[in-house]
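Residue-level listing of the chains:
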Amino acid sequence: GESVGLHLPTLSVQEGDNSIINCAYSNSASDYFIWYKQESGKGPQFIIDIRSNMDKRQGQRVTVLLNKTVKHLSLQIAATQPGDSAVYFCAEGDTGFQKLVFGTGTRLLVSP
Amino acid sequence: EPEVTQTPSHQVTQMGQEVILRCVPISNHLYFYWYRQILGQKVEFLVSFYNNEISEKSEIFDDQFSVERPDGSNFTLKIRSTKLEDSAMYFCASSNSPGGPAEQYFGPGTRLTVT
């Protein structure tokens, strides 16, 4: 069956450090992957996505890497700021993207 | 920036009662979704809706659940007879395309508490 999971439930970093959040997925048929940020009391907020025909995509201070060989997805946040503190979810889209399958989430704590 | 809105922000109901959760998707979006998140757990897909019909639903979305787009702006989730295990955050999302790169925009959620 499908499953998307995260290795680390909590990641603590210092302000200014680079953060790396990892995600493993099991459905090799997925062709769309997304990272969402969820702050307390709010809905998931889109950060960045990547299609399966790519292995890297960059946004503002964020980079997503996709390794299809080992079914691994990562989110890199450069120069992490206290405002980046949140729970980060990876999600995968199935054919037609009718639904998103979310991972279990990693809490990022950024200390000033 | 346009956003998805949801009402109420918090709904408390007794077991066995019917609840309707309301969402106003982004105005030019055509694809609508409901997800739920039990406290401390991951976000789970419930149902997707397009062209006035359900396009996909999960096993969670049983006969107690229904969705409707009663007019051109609202999208509702009804739970006919709530159970304690229905207590969760319910998120509505919308997108203007089912395919990428078109992300689903999520609303702030409705916290449903069933007592």
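Residues numbered from 1 in each chain as written. Chains lettered and ligands numbered in written order. Predicted model: local features only at pLDDT ≥ 70, side-chain atom pairs only at ≥ 80, totals over all residues. Heavy atoms only, no water.

Draft legend 1. Spatial organisation of the overall build of chain B. Helix and strand counts for chain B come out as zero helices and eleven strands. In sequence order, chain B lays out its α and β elements as β-β-β-β-β-β-β-β-β-β-β. Once the C-alpha set of chain B is aligned to its principal axes, its extents read approximately 40 × 25 × 25 Å. Within chain B, buried positions represent 45% of all 115 residues. Once local pairs closer than 6 in sequence are excluded, the contacts in chain B between residues at least 24 apart make up 55%. If you sum the accessible surface of chain B, you get close to 5,700 Å²; carbon and sulfur atoms cover 45% of it. (Helix = DSSP H or I, 4+ residues; strand = E, 2+ residues; numbered from the N terminus. Buried < 20%, exposed > 50% of the residue type's maximum accessible area, 1.4 Å probe, protein only. Contact = heavy atoms within 4.5 Å. Areas by Shrake-Rupley, 256 points an atom, 1.4 Å probe, with all protein chains shown as cover.)

Draft legend 2. Representation of the overall build of chain A. Check the secondary structure of chain A and you find zero helices and eleven strands. Ordering the α and β elements of chain A from the N terminus gives β-β-β-β-β-β-β-β-β-β-β. Taking all 112 residues of chain A together, the buried fraction comes to 46%. If you take every contact in chain A between residues at least 6 apart in sequence, the share linking residues at least 24 apart comes to 53%. In the structure as shown, chain A presents an accessible area of about 5,200 Å², 47% of it carried by carbon and sulfur atoms.

Draft legend 3. The layout of surface pockets, seen in detail. Volume-wise, the largest pocket comes out at about 490 Å³. Together, 24 residues line the largest pocket, and Gln38(A), Arg107(A), Gln37(B), Leu39(B) and Gly40(B) are the ones closest to its centre. The set of elements that each furnish at least two residues to the lining of the largest pocket consists of strand S9 (86-93) and strand S11 (106-111) of chain A together with strand S9 (88-95) and strand S11 (110-114) of chain B. For the lining of the largest pocket, a count of residues per class yields ten nonpolar, ten polar and four charged. Along the wall of the second largest pocket there are 18 residues; nearest its centre are Pro44(A), Gln45(A), Glu3(B), Tyr105(B) and Phe106(B). Elements supplying a minimum of two residues to the lining of the second largest pocket: strand S5 (45-51) of chain A together with strand S10 (105-106) of chain B. Classifying every residue of the lining of the second largest pocket gives eight nonpolar, four polar and six charged. (1 Å grid on protein atoms, 1.4 Å probe; cavity = no way out; pocket = protein on both sides within 12 Å on 5 of 7 lines; lining within 4 Å. Points joined across faces, edges and corners; volume = space filled by probe spheres on them. Nonpolar A, V, L, I, M, F, W, Y, C, P; charged D, E, K, R; others polar.)

Draft legend 4. Spotlight on the nonpolar core. Ranked by internal contacts, the top residues of the largest apolar core, which has 22 residues, are Trp34(B), Leu46(B), Phe61(B), Val67(B), Phe75(B), Leu77(B) and Tyr90(B). Of all the elements in the fold, those that place two or more residues in this core are strand S3 (19-24), strand S4 (31-37), strand S5 (43-50), strand S7 (65-68), strand S8 (75-79), S9 and S11 of chain B. For Phe61(B), the residues in contact, after removing those within four places along its chain, are Leu46(B), Val47(B), Ile54(B), Ser66(B), Val67(B) and Leu77(B). The next biggest cluster of nonpolar side chains, apart from the first, holds 20 residues, and it includes Phe33(A), Trp35(A), Leu75(A) and Val110(A). (Core = buried A, V, L, I, M, F, W, Y, C linked by side-chain atoms within 4.5 Å.)

Draft legend 5. Highlighting the packing of aromatic side chains. Counted under the stated rule, the structure contains 16 aromatic pairs over all chains. Ring geometry for Tyr36(A) against Phe102(A): centres 5.6 Å apart, planes inclined by 40°, an arrangement best described as tilted. Here Tyr36(A) is found in strand S4 (residues 32-38), whereas its partner Phe102(A) is found in strand S10 (residues 100-102), with 66 residues between them in sequence. In this structure, Tyr36(A) and Phe102(A) share a single accessibility class: buried. The rings of Tyr36(A), Phe46(A), Phe89(A), Phe102(A), Tyr33(B), Tyr35(B), Phe45(B), Phe91(B) and Phe106(B) are connected pair by pair, giving a single aromatic cluster. (Phe/Tyr/Trp six-rings, centres within 6.5 Å; stacked < 30°, edge-to-face > 60°.)

Draft legend 6. Layout of the pairing of strand S3 (residues 19-25) of chain A. Residue and element names in this part refer to chain A. Residue alternation in S3 divides its side chains into a buried set, Ser-19, Ile-21, Cys-23 and Tyr-25, and an unburied set, Ile-20, Asn-22 and Ala-24. Where S3 and strand S8 (residues 72-77) come together, six bridges link them in antiparallel fashion. If you follow Asn-22 over to S8, its bridge partner there is Ser-74. (Pairing = 2+ DSSP bridges.)

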